[in-house]
Amino acid sequence: MAVIIKTPEEIEKMRVAGRLAGEVLDFIAPHVKAGMTTGALDRLCHDYMVDVQGCVPAPLDYAPSGYKPFPKAICTSVNHQVCHGVPGDRALKGGDIVNLDITTIKDGYHGDTSRMFAVGEVSIQAKRLCEITFECLWLGIAQVKPGAFLGDIGGAIQRHAEKAGYSVVREFCGHGIGAKFHEDPQVVHYGKPGTGIRLETGMIFTIEPMINAGKAAVRELADGWTIVTKDHSLSAQWEHTILVTETGFEVLTLCAGSRPKPEWVR
Ligand code: MF3
Ligand code: CO
Ligand code: CO
């Protein structure tokens, strides 16, 4: 399948959807505290998206072939959960790290972004994993410009993660995004620079590295959605939606509360 090049009108809608997705994370950040359940975070985000932003939460009832419909409005992945964690009655406790992944649909277009949150005081190891993964995201983003190779993104991410002693999850990847949640291309977070398709102005895709403190292997829980590390090691993920521009990139999911790019990344 071919990669869709977005029109200026579509790009404008993607800017709106992207910013709104980021703003859900800004909204929920003060609620990510010990004692809060992931289900309560889901409910708050759901109501904010629907009632305040006038958005549709894309995960709710999302059912790619082979999957049963996702039952909640956001994904909450705690500690050794890698991605697609289903919100429920699990209460967060001090020392947990949790990824909140938000996908909005506004005016028919999707914005997709996730961040890591630390609950209370977390271990030095957990903090380092979240930091290195954030750096991986931005090292990947920094590769984006017309004429660059898709493999430049994965190559930069894999190199940084493995230098830190971590491993890159293979089974899940970034993705084209637009009127559909998941479009071509698949943006894997490992690989060789100089390989794969060439990026073109007007492409929009996510970069969303999942980095494990231990081995790369993952498995799916019996709920049919939640992905965990096989060795129970901690896992972290950060995600932005990226537009390829004539001069490089534009991060569509930035908003007031976004963490800025590490200043040494260029
Ligand atoms: N937001 C995830 C991504 O970044 C996809 C979640 S699919 C869901 O691609 F159904 F679990 F929500
Ligand atoms: Co995504
Ligand atoms: Co996402």
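Keep in mind that this is a model prediction, so the values were computed, not measured. (Residues numbered from 1 in each chain as written. Chains lettered and ligands numbered in written order. Predicted model: local features only at pLDDT ≥ 70, side-chain atom pairs only at ≥ 80, totals over all residues. Heavy atoms only, no water.)

**Here's the deal with the coordination of the cobalt ion (ligand 3)**
For step 1, the next point in the chain: At 2.1 to 2.3 Å from the cobalt ion (ligand 3) lie its protein donor atoms, namely Asp101 (OD), Asp101 (OD), Asp112 (OD) and Glu239 (OE).
For step 2, the next point in the chain: Angles of 58 to 166 degrees at the metal separate the 6 donor atoms of the cobalt ion (ligand 3), which places the site in the irregular class.
For step 3, the next point in the chain: Here the cobalt ion (ligand 3) and the cobalt ion (ligand 2) are spaced 3.3 Å apart, and both take Asp112 as a donor. With Asp101 in strand 4 (residues 97-106) and Asp112 in strand 5 (residues 109-118), this pair connects stretches of sequence that are 11 residues apart.
For step 4, the next point in the chain: Judged by relative accessible area, Asp101 falls into the buried class, the value being 10%.
For step 5, the next point in the chain: The class for Asp112 is buried, based on a relative accessible area of 2%. (Donors = N, O, S within 2.8 Å, 3.2 Å for Na, K, Ca; no water. Tetrahedral: all angles 85-135°; square planar, octahedral: opposite > 155°, others 65-115°. Helix = DSSP H or I, 4+ residues; strand = E, 2+ residues; numbered from the N terminus. Buried < 20%, exposed > 50% of the residue type's maximum accessible area, 1.4 Å probe, protein only.)

**Quick word on the nonpolar core**
For step 1, the next point in the chain: Counting residues in hydrophobic clusters, the biggest one holds 35 residues, and the most contacted among them are Val144, Ile153, Leu199, Phe205, Ile207 and Ile211.
For step 2, the next point in the chain: Mapped by element, the contributors of at least two residues to this core are helix 3 (124-141), helix 4 (150-163), strand 9 (204-207) and strand 14 (240-244).
For step 3, the next point in the chain: Excluding its chain neighbours within four sequence positions, the residues that come into contact with Val144 are Ile153, Leu199, Phe205, Ile207, Ile242, Val244, Gly248 and Phe249.
For step 4, the next point in the chain: Membership of the second largest hydrophobic core comes to 20 residues, among which are Ala21, Leu25, Val78 and Val119. (Core = buried A, V, L, I, M, F, W, Y, C linked by side-chain atoms within 4.5 Å. Contact = heavy atoms within 4.5 Å.)

**Structural notes on the coordination of the cobalt ion (ligand 2)**
Perfect tetrahedral coordination of a metal by four donors corresponds to 109.5 degrees between them, and perfect octahedral coordination by six donors corresponds to 90 or 180 degrees.
For step 1, the next point in the chain: All of the protein donors around the cobalt ion (ligand 2) are Asp112 (OD), His175 (NE2), Glu208 (OE) and Glu239 (OE); their distances to the metal are 2.0 to 2.2 Å.
For step 2, the next point in the chain: Geometry at the cobalt ion (ligand 2) is irregular, judged from the 6 donor atoms that bind it and their angles of 51 to 163 degrees at the metal.
For step 3, the next point in the chain: As a motif over one chain, the donors of the cobalt ion (ligand 2) read D-x62-H-x32-E-x30-E.

**A few points about unusual backbone geometry**
For step 1, the next point in the chain: Cis geometry is found at the peptide bond from Asp184 to Pro185, where omega equals 0 degrees.
For step 2, the next point in the chain: Residue placement: Pro185 occurs in strand 8 (residues 183-187).
For step 3, the next point in the chain: The residue Asn79 is not glycine, and still its phi comes out positive at about 55 degrees.
For step 4, the next point in the chain: By the element assignment, Asn79 lies in the loop between strand 2 (75-78) and strand 3 (81-83).

**Quick look at the pattern of salt bridges**
For step 1, the next point in the chain: Taken as a whole, this structure holds 10 salt bridges when the rule is applied.
For step 2, the next point in the chain: One salt bridge connects Lys6 with Glu183, and the closest N-O pair in it is separated by 2.8 Å. Remark: Glu183 occurs in strand 8 and Lys6 occurs in the segment before helix 1 (8-28); sequence separation between them is 177 residues. Each of the two residues, Lys6 as well as Glu183, counts as buried.
For step 3, the next point in the chain: With a shortest N-O distance of 2.8 Å, Glu131 and Arg259 are connected by a salt bridge. With Glu131 in helix 3 and Arg259 in the segment after strand 15 (249-251), this pair connects stretches of sequence that are 128 residues apart. (Salt bridge = Lys/Arg side-chain N within 4 Å of Asp/Glu carboxyl O.)

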